[in-house]
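Structural overview
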Amino acid sequence: MAPALTRLRSVREIQQELLRLREAAGAPGQTHVARTSVMTHIAWVPTDWRSAALQTLAGLEEQHPSRTILLFPEPLAADDAFEAEVEARSFGSRGRQVSSEVISIWLNGRKASVPASVVLPLLRSDLPVFLRWRGALPTGTPPLEQLVAIATRLIVDSGEWRDVEGGLRDLPALFDRIAVSDIAWARTEAWREALAALWPGIREVERLRVTGPRAEAALLAGWLRTRLGRPIALEHLPAESLAAVEVDGVPARPLRPEPLTSSELLSHQLEIFTHDPVYEQAVLGLHGPSRAPPAGPAMASATRRASAAGRYGFWMKPAIASRSTLARVSSSLNPLVRSTRTSASSSRSASSVSSPRIPGIVRSSRTSENGSSRPA
């Protein structure tokens, strides 16, 4: 049985415990353990999401060794203090292991409204900070505002929100302040690829029918409206997961195998360091069942980010193909294909037409810590 963890009650005690664990790992006779952190991973975890968050973390740590800070808000607690536990978790062979650190913090009473005061001293310098916010996103509240101010990227799952439309309506207020990922958007990837394979007939469609969760249905509608640049009506049939997508009665047929687990979906998001302008535009395209994509400052900002990314050349055109369907695109569309290739693939020969991924259909290129891009 693992020894009980010590409850700590100050940032200083947390830092001292981290130091003690590092020194213990380097003691003579101990298996060599390399402390490897590629990021600080903060997770805001209300009570209803604790079980799911811990399960996701268990499947994530080996792929992304990091300093993980789990924040458990308890705003109704009687006292205004916080308590913490610190542990080091090791992975790998006996000869060489990699260690990551997990700091669990219970924010009681008024401490739940000032999380940055506890988190800031614990950040690893010069490393990106990813913030995973579980459950509803309370825009404008002190906890979210403070953590967004210190994070590099915000990761949400709009499928966890009771009011999907309301949450997506408020989300663009954050786009100019932080790069945003949405796990519900990631779950639509295979279906976006399948819809792209219906080109060129899809450019004339008028109605989208989605059987699946509300968030995924809304995002697919916003994406299709902004890709085609005109109104598309949405018919939504509720289901636990994405089961069917049709445009004017024509079914999309994804080629993807079994859906990814929650750990795999989050793992993919932790490898992306830049804005996703196509996602931002899809969110901004959610203006009712059939309205056209909006204009205005928010869309203009997303468009500027798309242009700056280079690989999003003709962002108002529909992204027409994926890795599996690009080879079937007619020659008359090649200029559009060339304009949307990723910078990482721009040096490839024209004969390698099946290799690049097209932004707007699949995940954007992932950017490493030194700023270089590589295909997702």
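Our subject in this report is the structure included herewith.

Rules used throughout
- Residues numbered from 1 in each chain as written.
- Predicted model: local features only at pLDDT ≥ 70, side-chain atom pairs only at ≥ 80, totals over all residues.
- Heavy atoms only, no water.
- Pairing = 2+ DSSP bridges.
- Helix = DSSP H or I, 4+ residues; strand = E, 2+ residues; numbered from the N terminus.
- Buried < 20%, exposed > 50% of the residue type's maximum accessible area, 1.4 Å probe, protein only.
- 1 Å grid on protein atoms, 1.4 Å probe; cavity = no way out; pocket = protein on both sides within 12 Å on 5 of 7 lines; lining within 4 Å.
- Points joined across faces, edges and corners; volume = space filled by probe spheres on them.
- Nonpolar A, V, L, I, M, F, W, Y, C, P; charged D, E, K, R; others polar.
- Salt bridge = Lys/Arg side-chain N within 4 Å of Asp/Glu carboxyl O.
- Arc of directions from axis to C-beta.
- Core = buried A, V, L, I, M, F, W, Y, C linked by side-chain atoms within 4.5 Å.
- Contact = heavy atoms within 4.5 Å.
- Phe/Tyr/Trp six-rings, centres within 6.5 Å; stacked < 30°, edge-to-face > 60°.
- Lys NZ or Arg CZ within 6 Å of the ring centre and 35° of its normal.
- Polar contact = N/O pair within 3.5 Å; in protein donor to acceptor, adjacent residues only side chain to side chain.

Turning our attention to the sheet that holds strand β9 (residues 207-212). The four strands are arranged β10-β9-β11-β12 in an open sheet whose pairing can be described as mixed. Bordering the open sheet on either side are β10 (233-238) and β12 (250-251), each of which pairs with just one other strand. Inspection of the sheet shows β9 paired to strand β11 (residues 244-247) by four bridges, in the antiparallel sense. Of the residues in β11, the one forming a bridge with Arg209 is Glu246.

Tracing the backbone through its elements, the reader meets Pro128 in the loop between α3 (116-119) and β6 (129-133). A relative accessible area of 10% places Pro128 in the buried class. For the pair Pro128 and Thr152, spaced 24 residues apart in sequence, the C-alpha separation works out to 5.8 Å.

One way to see where empty space is left: roll a probe the size of a water molecule over the atoms. Its volume calculated, the largest pocket comes out at about 690 Å³. Arg187, Glu216, Pro259, Leu260 and Leu265 are the residues nearest the centre of the largest pocket, which is lined by 30 residues in total. Listing elements by their share of the lining of the largest pocket, those giving two or more residues are α2 (50-58), α6 (183-187), α7 (189-196) and α9 (262-269). For the lining of the largest pocket, the leading source of residues is α9, giving five residues. Of the residues that constitute the lining of the largest pocket, the class distribution is 13 nonpolar, seven polar and ten charged.

A word on the environment of Pro277. Within the secondary structure, Pro277 sits in helix α10 (residues 277-284). Residue class for Pro277 comes out buried when judged on its relative accessible area of 1%. Between the C-alpha atoms of Pro277 and Ser301, which are 24 residues apart in sequence, the distance is 9.0 Å.

The next point concerns the pattern of salt bridges. One pass over the full model with this rule turns up 15 salt bridges. Note that Glu83 is salt-bridged to Arg7, the shortest N-O span being 2.8 Å. On the criterion of sequence distance, the pair formed by Glu83 in strand β4 (residues 82-92) and Arg7 in the segment before α1 (11-25) is long-range, its members being 76 residues apart. Relative accessible area serves as the criterion here: at 33%, Arg7 is assigned to the partly exposed category. The shortest N-O distance in the salt bridge between Arg7 and Glu85 comes to 2.9 Å. Here the residue Arg7 occupies a position in the segment before α1, and Glu85 occupies one in strand β4, the gap between them amounting to 78 residues. Given a relative accessible area of 17%, Glu85 falls into the buried group. A single salt-bridge network, built from bridges that share partners, covers Arg7, Arg9, Glu83 and Glu85.

Working note: α-helix, 3.6 residues per turn, so residues spaced by three or four point in the same direction. Among the residues of α2, those classed as buried are Ala53, Thr56 and Leu57. In a view along the axis of α2, the buried residues occupy a sector of 100 degrees, so they form one face of it. Every exposed residue of α2 that faces more than 90 degrees away from the buried side is listed here: Ser51, Gln55 and Ala58.

Turning to unusual backbone geometry, a few remarks are in order. Along the chain, Trp199 connects to Pro200 via a cis peptide bond; the corresponding omega equals 10 degrees. Here Pro200 is to be found in the loop between α7 and β9. Phi at Asp248 takes a positive value of approximately 50 degrees, unusual for a residue other than glycine. Looking at where Asp248 falls in the secondary structure, it is placed in the loop between β11 and β12.

On to the nonpolar core, then. Ile14, Ile105 and Leu208 are the most contacted members of the largest nonpolar core, which has 67 residues in total. Examining the composition of this core, we find that nine residues originate from one element, helix α8 (residues 214-228), more than from any other. Excluding its chain neighbours within four sequence positions, the residues that come into contact with Leu208 are Leu220, Ala221, Leu224, Ile232, Ala233, Leu234, Glu235, Val245, Glu246 and Val247. Met39, Ile183, Leu266 and Leu270 belong to the second largest nonpolar core, which has nine residues in total.

The next subject is the packing of aromatic side chains. For any pair of aromatic rings, geometry is given as the distance between the ring centres together with the angle between the planes. For the coordinates displayed, the defined rule picks out five aromatic pairs. Where Phe175 meets Tyr279, the ring centres are 6.3 Å apart and the plane angle is 65 degrees; that geometry is what we call edge-to-face. Placement of the pair is Phe175 in the loop between α5 (164-170) and β8 (179-182) and Tyr279 in helix α10, with a sequence separation of 104 residues. Taking relative accessible area as the criterion, Phe175 reaches 3% and is therefore assigned buried. One residue, Arg7, lies across the ring of Trp106, its end atom 4.1 Å from the ring centre.

Turning to the side chain of Thr68, a few remarks are in order. Its place among the elements puts Thr68 in strand β3 (residues 67-74). Polar contacts involving the side chain of Thr68 include one to the side chain of Ser66, which spans 3.2 Å. With residues near it in sequence (within four places) discarded, Thr68 still touches His41, Leu57, Glu101, Val102 and Ile103.

With that settled, the discussion passes to the pairing of β3. Regular strands place their side chains on alternate faces of the sheet. Within β3, seven of the eight residues are buried, leaving the element largely enclosed by the surrounding structure. Bridge count for strand β2 (residues 40-44) against β3 is five bridges, and the pairing is parallel. Within β3, the residue paired with Ile42 across the bridge is Ile69.

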